[in-house]
Amino acid sequence: MVNDIMGKSLILENIRHQLQLKSLDAFIQPRRDMFGGEEVPDYDERLKCLSGFTGSAGMAIVTIDKAVIFIDGRYTLQAKFELDENWKILLMSETSMIKWLEDNLYNKQRIGYDPWLMRANEILNLKDKLICKGIIFEAQDVNLIDLIWTDRPSIRQGGAIKWPNKFFGLESGKKIYSLTQKMKTKDIDAMIITQPNQLSWLLNIRGNDLACTPLFLGFGLLTVDGKLKIFSRSNKKTLNNGKREFVNHSYEKLVSYISNFKNKKISVNPYFCPSIIYESMKDNNIVIEEKFLSLESMSTIKNSVEISFIKNCHKRDGAALVKFLYWLEHNIHLQNISEYDASIKLKEFRSKDKNFISESFHTIAASGSNGAIIHYRPSKEKAKIISTKNIFLLDSGGQYFDGTTDITRTISFSEQPQSIKNFYTFVLKSHIALAKLIFHNETCGNELDAIARSVLWGQGLDYNHGTGHGVGYCLGVHEFPPIISRRKSEPLQKGQLLSNEPGYYVTKKFGIRLENLMIVEKVILKKLNNFLKFKTVSLCHFDMNLINKNLLNKDEIIWVNDYHDEVFSNLKEFLTNEEKKWLKSKTTKILL
C-alpha cells in the first residue's frame, strides 16, 4: 500500500495538500466500504492506507494540523502498535466525534466526507449537532485518499454464486413473497437493501470477493410487486440465482434510479445507508420509512434445515480443531512453532473438509502477552514463537457451504500459576452462566450481557468487548441485530445463532477468552411458554489443567461434564484411535 512506500508522515502531508486544494479544513475517513461491512476489500482499505491501522472498526479525522482516530476498546493496544506519533488515539466510549469537532473546528470551517462511506444517520447527526457552530459538511465527488493512493489494488468484482439448493430451507421466491406481503401492510412501494448479507440471504446467493466472507457485494431495490434490481460493481448485465435472473446495474446508477419513485414510500435503514442514497431520496420527495426492519430480522433467523446443517458443520469443525490441538501438543516441545505457523496449520486441518470455503476471519493465534491484544493477528514476519511457559489464546473459525463457525480456546502447555487458573475458571463460570440460562423472550441482549459479566464483576474483573454477537449462515461471522453487549439492543429470537465469549486480559501479560456458538431455542414447557434458552453447537474441550475445580459449584461441574461428554460422543467418529484416546483424556469427568 501507499503507507508502506511513502511513509506515514508523507501520506498526511499529501492529504493536507488535498485539503488546501479543495478549500477544506478537515476530512473524515471511516474504516468501511460503501456496504459498511466488517471485512473490506483491499482496494477499499482507505483507513489502513491513511494511518496504518488494520482494525475492523475506526473513524479518522485529519485537519491541517491534527490527525485523530476513534476506536473501540477491542483495539486499544493494537492501535498503539500500528499508529505513529502523528496520530492521537481516542476511545469512542470516552470521547465522541461530535464533541471533538465542536472543540477543534470553528464557524464557517468546512469538513469533507465521502458520501458513499458515511452513513445517512452519521451525517444527519453531525449536521444537527454542529449547525449551531456554523460548521459546513461537504460531500466529495472523489475520496481524498483515492487521489493520493498511487498503488491502490485494482477494483474488481465477480458475479453472484449459486449455492446448492439443499443447503437452504426456503426458496428465494418464498422469501421475497413473504417480505413483499409485509411491505404491503405498511403501504411501502419499495425498499432499498444496502447490506450485502441481507441481499445474499434473500436471493440465496453468495460471492467470492472477500477473503473470509462469502457475500455478493451489491445493493438491491425491491418493489412491492416482487421485482428486484441489483446495483453492484460487477460488470455482468444479469445475475442468476438458479431460479430467476435479476438485472444488474452499476452501483452509481442507484442514485439516479431513485428518481423513478418520486413521492413514493420507500423503506431504508439510515444506520446502514450511504448518505448519498438517502440524500437522493430526500431530493426526490420520497417518503422515507426508517422503521421497517423485517428483512433485517428475517435474515438472522435460521430455519430447521439450516440449523441441522449448522450442527453437523460444527461437529466437523470441532474435529478439525481437536486434530490441530492434538498436533500442537505433540509438537510444541519438539520444534519452534510460531503463531503464524499455528494459524496456517489450523487452516490446513479445516481445509480438508469437502465443504470448506475459507476461514471466517483471520485466525487470532496469540502467545502470552499477545493474548491481551483482543483482535491480534499474527504476521509471518513478526509472529512470536509460541512459548510453552505461557498460555496460548486461539480464536478461529471457518466458512463452509453448510455454516459459519467461530470458536475460542485458551490452552496451556505447562503448569500455570494459581492466579492464571483462577482467572480462567472465572471466565469459564461466566461462559457457563450464559450457556445454561433460561430467559424471557422479551429479554434484551444488554440484559444478558450483565448476567454473564456479573460472575467476573464479583471478583473485580471485566473485559472490554461484547459478550456475544450474531453469526450468519455461511455469511458474515458477525451478524446484526442480535448482540449480547453493554449496548442497548433488541430481544433475541428463536433460531438466531450467537457467540458466548467472555474473557479477561492483562496488558503486556496474557489474555483469556472462551467462546462457543449457541442457537436460541424455545423452552418446551407449558409453564415456561414465553421463555428461551441456548443450545451450544460448538464442540471442543476446555483445558482441564487450567480449571480450578474448587471454584466451580455443583451445577457448573455438571455442565462441564455434560458438555465434555457431548464433545467426545460427537467428535470421536472423525478422529484416529490415537486422537480419540487423547480427547478422552481431555474430557474426563470432574468429580463431584
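Enquirer: What is the right way to look at the overall build of the protein chain in this model?
Expert: A count of helices and strands for the protein chain gives 18 helices and 29 strands. In terms of C-alpha radius of gyration, the protein chain reaches 25 Å, essentially the compact-globule figure of 25 Å for 592 residues. Taken over the C-alpha atoms alone, the protein chain extends approximately 70 × 55 × 40 Å along its principal axes. The buried share among the 592 residues of the protein chain stands at 58%. For the protein chain, the share of sequence-separated contacts (at least 6 apart) that also reach a separation of at least 24 residues comes to 71%. Total accessible area on the protein chain stands at roughly 25000 Å², and carbon and sulfur atoms take up 50% of it. Looking at the protein chain, you have 81 positive and 67 negative side-chain charges, and the mean spots of the two groups are 4 Å apart.

Enquirer: So what exactly am I meant to see when it comes to helix α16 (residues 445–457) here?
Expert: A rise of 1.5 Å per residue sets the reference length of α16, with its 13 residues, at 18 Å; its end C-alpha atoms lie 18 Å apart and thus fit the reference within 8%. Packed against the buried residues of α16 are α15 (418–435), β22 (438–440), β24 (479–484), β26 (503–506) and β29 (531–536).

Enquirer: Help me understand the packing of aromatic side chains in this model?
Expert: Given two aromatic rings, one states the distance between the centres and the angle between the planes to describe the pair. Taken as a whole and assessed by the stated rule, the structure comprises 22 aromatic pairs. Ring geometry for Y504 against F510: centres 6.3 Å apart, planes inclined by 55°, an arrangement best described as tilted. Note on Y504: relative accessible area 15%, which makes it buried. An aromatic cluster of three or more residues is present, and its members are F35, W116, F219 and Y251. For K175, the ring lying beneath its charged end belongs to W201, and the centroid distance is 4.1 Å.

Enquirer: Just to check I follow, could you spell out the packing of α15 against helix α17 (residues 554–571) for this structure?
Expert: The packing of two helices is summarised by the inter-axis angle and the distance between the axes. The N-to-C vectors of α15 and α17 enclose an angle of 80°; their axes lie 11 Å apart at closest approach. Overall, the two elements α15 and α17 adopt an arrangement that is roughly perpendicular. Along the contact surface, α15 presents L428, K429, H431, I432 and A435, while α17 presents E556, W559 and V560. A breakdown of the residues in the contact of α15 with α17 according to their chemical character gives 5 nonpolar, 1 polar and 2 charged.

Enquirer: Is there a simple way to think about the environment of S360 in this case?
Expert: Its place among the elements puts S360 in the loop between β16 (356–359) and β17 (364–367). Residue classification places S360 among the buried positions, given a relative accessible area of 2%. Sequence separation between S360 and G73 is 287 residues, and the spatial gap between their C-alpha atoms is 22 Å. Discounting residues that sit within four places of it in the chain, S360 has contacts with C212, G397, G398, Q399, T404, T405 and V477.

Enquirer: Would you mind going over α15 with me for this structure?
Expert: The α-helix advances 3.6 residues per turn, and as a result positions three or four apart in sequence lie on the same side. Over its 18 residues, α15 extends 25 Å from the first C-alpha to the last, a length consistent with the 26 Å expected when each residue adds 1.5 Å. Counting buried positions along α15 gives 13 out of 18 residues, so the element sits mostly inside the fold.

Enquirer: Would you mind showing me how to read the pattern of salt bridges here?
Expert: Oppositely charged side chains are able to pair whenever their charged atoms sit close together. Per the stated rule, a full pass over the model turns up 34 salt bridges. Notably, a salt bridge pairs R233 with D44, separated by 3.1 Å at the nearest N-O pair. Of this pair, R233 sits in the loop between β11 (228–232) and β12 (238–240) while D44 sits in the loop between β1 (26–30) and α3 (46–51), placing them 189 residues apart in sequence. Relative accessible area serves as the criterion here: at 4%, D44 is assigned to the buried category. Notably, a salt bridge pairs R316 with D353, separated by 2.5 Å at the nearest N-O pair. Here R316 is found in helix α13 (residues 304–331), whereas its partner D353 is found in the loop between α14 (339–350) and β16, with 37 residues between them in sequence. The pair formed by R316 and D353 is uniform in burial state, with each residue classed as buried.

Enquirer: Explain the nonpolar core to me, please; I cannot follow it from the model alone.
Expert: The nonpolar side chains of a soluble globular protein tend to be buried with one another. If you look at the biggest cluster of nonpolar residues, it comprises 75 residues, and the most contacted ones within it are F324, L328, F392 and F534. For this core, the element with the most residues is α13, which contributes 9 residues. In this structure, L179, W201, I230 and I286 belong to the second largest nonpolar core, which totals 44 residues.

Enquirer: I would appreciate a short explanation of the sheet that holds strand β6 (residues 136–139) in the present structure.
Expert: In sheet architecture, strand pairing relies on hydrogen bonds along the backbone and comes in two forms, parallel and antiparallel. Taken together, the 6 strands give an open sheet; going across it, the order is β4-β3-β2-β1-β5-β6, and neighbouring strands pair in mixed fashion. Here the strands that pair on one side only, and so sit at the sheet edges, are β4 (88–91) and β6. Taken over all neighbouring pairs, the strand axes of this sheet differ in orientation by 25° on average, direction set aside. In this sheet, strand β2 (residues 59–63) lies alongside β1 in antiparallel orientation, the contact comprising 5 bridges. Pairing of Q29 across the sheet is with A60, part of β2. Its contacts with the sheet place helix α6 (residues 120–130) against β1, β2, β5 (110–113) and β6, and it is angled at close to 155° to β6.

Enquirer: Looking at this structure, I do not really get the side chain of D449. What am I missing?
Expert: Its location among the elements puts D449 in helix α16. Those residues in contact with D449, other than ones at most four positions away along the chain, are Y463, G466, T467, I484, S485 and R486.

Enquirer: Quick question: what am I supposed to make of the sheet that holds strand β13 (residues 245–250) here?
Expert: Reading across from one edge, β12-β13-β11-β10-β8-β14-β15 is the order of the 7 strands in this open sheet, with mixed pairing throughout. At either margin of the open sheet sits one strand with a lone partner, and together these are β12 and β15 (287–289). Taken over all neighbouring pairs, the strand axes of this sheet differ in orientation by 30° on average, direction set aside. Summarising the sheet, strand β10 (residues 218–223) and β11 pair through 5 bridges and their orientation is antiparallel. Note on β11: the bridge partner recorded for G220 is I230.

Enquirer: Looking at this model, I keep getting lost on the environment of E329. Mind explaining?
Expert: When you line up the elements, E329 lands in helix α13. For E329, a relative accessible area of 32% gives the class partly exposed. The sequence separation of E329 and P378 amounts to 49 residues, and the corresponding C-alpha distance is 20 Å. Leaving out residues up to four positions away in the same chain, E329 has contacts with W582 and K586. At 2.8 Å, the side chain of E329 and the side chain of K586 are in polar contact.

Enquirer: So what exactly am I meant to see when it comes to the packing of helix α5 (residues 97–104) against α6 here?
Expert: Orientation of α5 relative to α6, taken along the N-to-C sense of each, is 40°, at an axis distance of 10 Å. Relative to α6, the element α5 is oriented oblique. Crossing hand, α5 versus α6: right-handed. On α6, the residues that touch M97, I98, L101 and E102 of α5 are N125, L126, K129 and L130. Residues belonging to the contact of α5 with α6 are distributed by class as follows: 5 nonpolar, 1 polar and 2 charged.

Analysis parameters
- Residues numbered from 1 in each chain as written.
- Predicted model: local features only at pLDDT ≥ 70, side-chain atom pairs only at ≥ 80, totals over all residues.
- Heavy atoms only, no water.
- Helix = DSSP H or I, 4+ residues; strand = E, 2+ residues; numbered from the N terminus.
- Rg over C-alpha atoms; globule rule 2.2 N^0.38 Å.
- Buried < 20%, exposed > 50% of the residue type's maximum accessible area, 1.4 Å probe, protein only.
- Contact = heavy atoms within 4.5 Å.
- Areas by Shrake-Rupley, 256 points an atom, 1.4 Å probe, with all protein chains shown as cover.
- Lys, Arg positive; Asp, Glu negative; His and termini not counted.
- Charge placed at Lys NZ, Arg CZ, Asp CG, Glu CD.
- Expected span 1.5 Å × (residues − 1).
- Phe/Tyr/Trp six-rings, centres within 6.5 Å; stacked < 30°, edge-to-face > 60°.
- Lys NZ or Arg CZ within 6 Å of the ring centre and 35° of its normal.
- Axes fitted to C-alpha atoms, helices over the stretch in contact; angles between N-to-C directions.
- Parallel < 35°, antiparallel > 145°, perpendicular 65-115°, else oblique.
- Nonpolar A, V, L, I, M, F, W, Y, C, P; charged D, E, K, R; others polar.
- Salt bridge = Lys/Arg side-chain N within 4 Å of Asp/Glu carboxyl O.
- Core = buried A, V, L, I, M, F, W, Y, C linked by side-chain atoms within 4.5 Å.
- Pairing = 2+ DSSP bridges.
- Polar contact = N/O pair within 3.5 Å; in protein donor to acceptor, adjacent residues only side chain to side chain.
- Left-handed = near helix turned anticlockwise from the far one by under 90°.

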